[in-house]
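Geometric and topological summary
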Amino acid sequence: MKSVALIALDWGTSNLRACLLDANGQAIEHRSAPGGVMAVVGGAFEQALLSLCGDWLTQHNCALIASGMIGSRQGWKEAPYLDCPADISTAARQLTPVALKLPDGQQRILHIAPGLRYQETSGAFDVMRGEETQIWGSRLAPDSRCLLPGTHCKWAWTGAKGEVLSFQTWMTGELFGLHTKHGILGRLMQQGQERLEDFRSGVKLGLANQAKANHVVFAARTAGLMGQVAPEGLPDYLSGILIGLEVASASAGDDAAARKRPITLIGDDGLCERYGIALELAEMAWQRSAADSTTHGQWLIAQAAGLTA
C-alpha cells in the first residue's frame, strides 16, 4: 500500500465518509456509513468513527481532519464560524482539536475545519459547514461563482485568490420535502417516476414568476386538478418550479456578461444535472467541478496547517 499521509472525514448530517490520502493528496481507499451527526445517539461520535475506520487509525500514524456538520452545535465539538472573506490559510489556523483514544491506548487528535458566516447588508447572517471545503477543493478559476445543490442549496462567490467572498443559502430541497410530505401539494402526487419534461415546464414557470413565489408554487396542485400534469409528473413539476424560482432570484442582478460566464456546479450528479437544465433554460452557462472536491479541499487545509508534513 502507498504511504498514508492523511485520513479525511466528510461528516455530514446523514452520512460519514472517510478517505485515506497518500503523500500527493490522492485517494487510496474510501469508506462510508450512515453514521451522520443526526444518527449518532448520545454523543457517541468516537465510537462511530472507530466503527468505520478504527483499523486505519491503528495502522496509520497520520493526521485526521474532518469537515461538515460534525463541527456544528449538534456535532462532536462546535468549531467557529469564520467571517467572509475567508480563505484556506485562515481556516487552517483555526482548526478545532478533539482528543481521541484508540482501543490499544494510543492518543490521537481529530482536527475539525471551521464553517463560514456572511452578514448581508440587511444585517441577517448566512452560514455554511462543509461546503466551504468543497469550494476550496474545486479548483475554481479566480473570481468565480459556484452552486452547490442540496437540501440547503448554496450559491457562493469567490475572489482572485480563491477566498469565499459571500454566499447565499436557498432552502429549495427542504421546501420540496415539506410540500410533498406534509402539505396539500403532495396529495395528488405519485412518486417514483422521473418526468423531465414536467420538470422543464416547472422551471419555466418558476423563472417567469420570481416575484410571486408563494402564489406560483400552488400551480403544483392546480396543474394536477386541471389535468395539465399527470400525478406521476407533479413531483418533478414542483421541483422545477422551486428550482426555477431559486435560479431567477439568485441571478436577478446578472448582466449579459455574467450569464455567459460558467457557474461551477459542485455536488451530487443527479442534482447538478437538474440545476444544469434550469440554468440552460435561464440562458446561463455552467460547468461541473472535479468529483474529488471535498477530499481535495480537506487536503489543502491540512497542508496549510502543516498536518501532512
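Attention here is on the structure that accompanies the text. The shown structure was predicted, so the numbers you read here are calculated from the model rather than taken from an experiment.

**Some remarks on the packing of helix H4 (residues 172-182) against helix H8 (residues 234-250)**
One way to put it is that H4 packs onto H8 with a least axis distance of 10 Å and a crossing angle of 145°. Two packed elements cross with a definite hand, and for H4 against H8 that hand is right-handed. Residues Thr-172, Leu-175, Phe-176, His-179 and Thr-180 of H4 touch H8, and the partners they reach there are Pro-235, Leu-238, Ser-239, Leu-242, Ile-243 and Glu-246. Of the residues in the contact of H4 with H8, the class split is six nonpolar, four polar and one charged.

**Here we look at the pairing of strand S12 (residues 164-170)**
Judged from the six bridges that link them, strand S11 (residues 153-158) and S12 form a sheet pairing that is antiparallel. Within S12, the residue paired with Thr-158 across the bridge is Val-164. Remark: five residues form the turn of the hairpin made by S11 and S12, two consecutive strands paired antiparallel; Gly-162 in that turn has positive phi of roughly 85°.

**As for the pairing of strand S4 (residues 63-67)**
For S4, the tally of buried residues reaches five of five residues, placing the bulk of the element in the interior. The two faces of S4 match: Ala-63, Ile-65 and Ser-67 on one face and Leu-64 and Ala-66 on the other face are all buried. Here strand S1 (residues 4-11) pairs with S4 via five bridges, running parallel. Bridging across to S4, Leu-6 finds its partner in Ala-63. Looking at chain direction, S4 and strand S7 (residues 107-112) are connected through three bridges and run parallel.

**Brief notes about the sheet that holds strand S9 (residues 125-128)**
Across the sheet, three strands lie side by side as S5-S8-S9; this open sheet has mixed pairing. With partners counted over all chains shown, the strands left at the sheet margins are strand S5 (81-83) and S9, one partner each. When the angles between neighbouring strand axes are averaged without regard to direction, this sheet yields 30°. Examined bridge by bridge, S5 and strand S8 (residues 115-119) share three bridges and lie parallel to one another. Note on S8: the bridge partner recorded for Leu-82 is Leu-116.

**What to know about the pattern of salt bridges**
On inspection of all chains with the given rule, the structure shows 13 salt bridges. In this structure, Asp-55 engages Arg-31 in a salt bridge whose closest nitrogen and oxygen atoms are separated by 2.7 Å. Here Arg-31 lies in strand S3 (residues 27-33) and Asp-55 lies in helix H1 (residues 45-59), a separation of 24 residues in the sequence. Classification of Asp-55 by relative accessible area gives partly exposed; the value is 31%. In this structure, the salt-bridge partner of Arg-117 is Asp-83, at a minimum N-O distance of 2.5 Å. In this pair, Arg-117 sits in strand S8 while Asp-83 sits in strand S5, placing the two residues 34 residues apart along the sequence. A network of salt bridges, in which partner residues are shared, links Glu-29, Arg-31 and Asp-55.

**Here we look at the nonpolar core**
The biggest cluster of nonpolar side chains holds 28 residues, and the ones touching the most others in it are Leu-6, Leu-116, Ile-135, Trp-136 and Ile-301. Those elements that provide at least two residues to this core are S1, strand S2 (16-22), S4, helix H2 (88-93), helix H3 (131-136), strand S10 (145-148), S12 and helix H11 (293-304). Within the second largest apolar cluster, 27 residues are counted, among which are Ala-18, Phe-45, Trp-76 and Val-98.

**Brief notes about the state of the cysteines**
As enumerated under the stated definition, the model contains zero disulfides in all. A disulfide-free cysteine, Cys-62 has its sulfur positioned 9.8 Å from the sulfur of Cys-53, the nearest such atom. With no disulfide of its own, Cys-84 lies 11 Å from the sulfur of Cys-146, the closest cysteine sulfur. When its relative accessible area of 17% is taken as the criterion, Cys-84 is described as buried.

**Remarks on unusual backbone geometry**
Here the residue pair Cys-84 and Pro-85 is connected by a cis peptide bond, since its omega of 0° sits within 30 degrees of zero. Relative to the helices and strands, Pro-85 is located in the loop between S5 and H2. Phi at Arg-139 takes a positive value of approximately 55°, unusual for a residue other than glycine. With respect to the helices and strands, the residue Arg-139 is situated in the loop between H3 and S10. On the basis of relative accessibility, which here comes to 47%, the residue Arg-139 falls in the partly exposed class. The phi dihedral of Asp-143 is positive, around 55°, even though this residue is not glycine.

**Focus: H1**
Counted at 1.5 Å a residue, the expected span for H1 with its 15 residues is 21 Å, and the 20 Å between its end C-alpha atoms agrees. Along H1, the residues that are buried comprise Phe-45, Ala-48, Leu-49, Leu-52, Cys-53, Gly-54, Trp-56 and Leu-57.

**Quick notes on the sheet that holds strand S13 (residues 263-265)**
Read across the open sheet, the five strands follow the order S12-S11-S10-S13-S14; overall the sheet is mixed. At either end of the open sheet lies a strand with only one pairing partner, and these are S12 and strand S14 (286-288). The sheet shows a mean angle of 25° between the axes of neighbouring strands, taken without regard to direction. The sheet contact formed by S13 and S14 spans three bridges and is parallel.

Rules used in this analysis
- Residues numbered from 1 in each chain as written.
- Predicted model: local features only at pLDDT ≥ 70, side-chain atom pairs only at ≥ 80, totals over all residues.
- Heavy atoms only, no water.
- Axes fitted to C-alpha atoms, helices over the stretch in contact; angles between N-to-C directions.
- Helix = DSSP H or I, 4+ residues; strand = E, 2+ residues; numbered from the N terminus.
- Left-handed = near helix turned anticlockwise from the far one by under 90°.
- Contact = heavy atoms within 4.5 Å.
- Nonpolar A, V, L, I, M, F, W, Y, C, P; charged D, E, K, R; others polar.
- Pairing = 2+ DSSP bridges.
- Buried < 20%, exposed > 50% of the residue type's maximum accessible area, 1.4 Å probe, protein only.
- Salt bridge = Lys/Arg side-chain N within 4 Å of Asp/Glu carboxyl O.
- Core = buried A, V, L, I, M, F, W, Y, C linked by side-chain atoms within 4.5 Å.
- Disulfide = S-S within 2.5 Å.
- Expected span 1.5 Å × (residues − 1).

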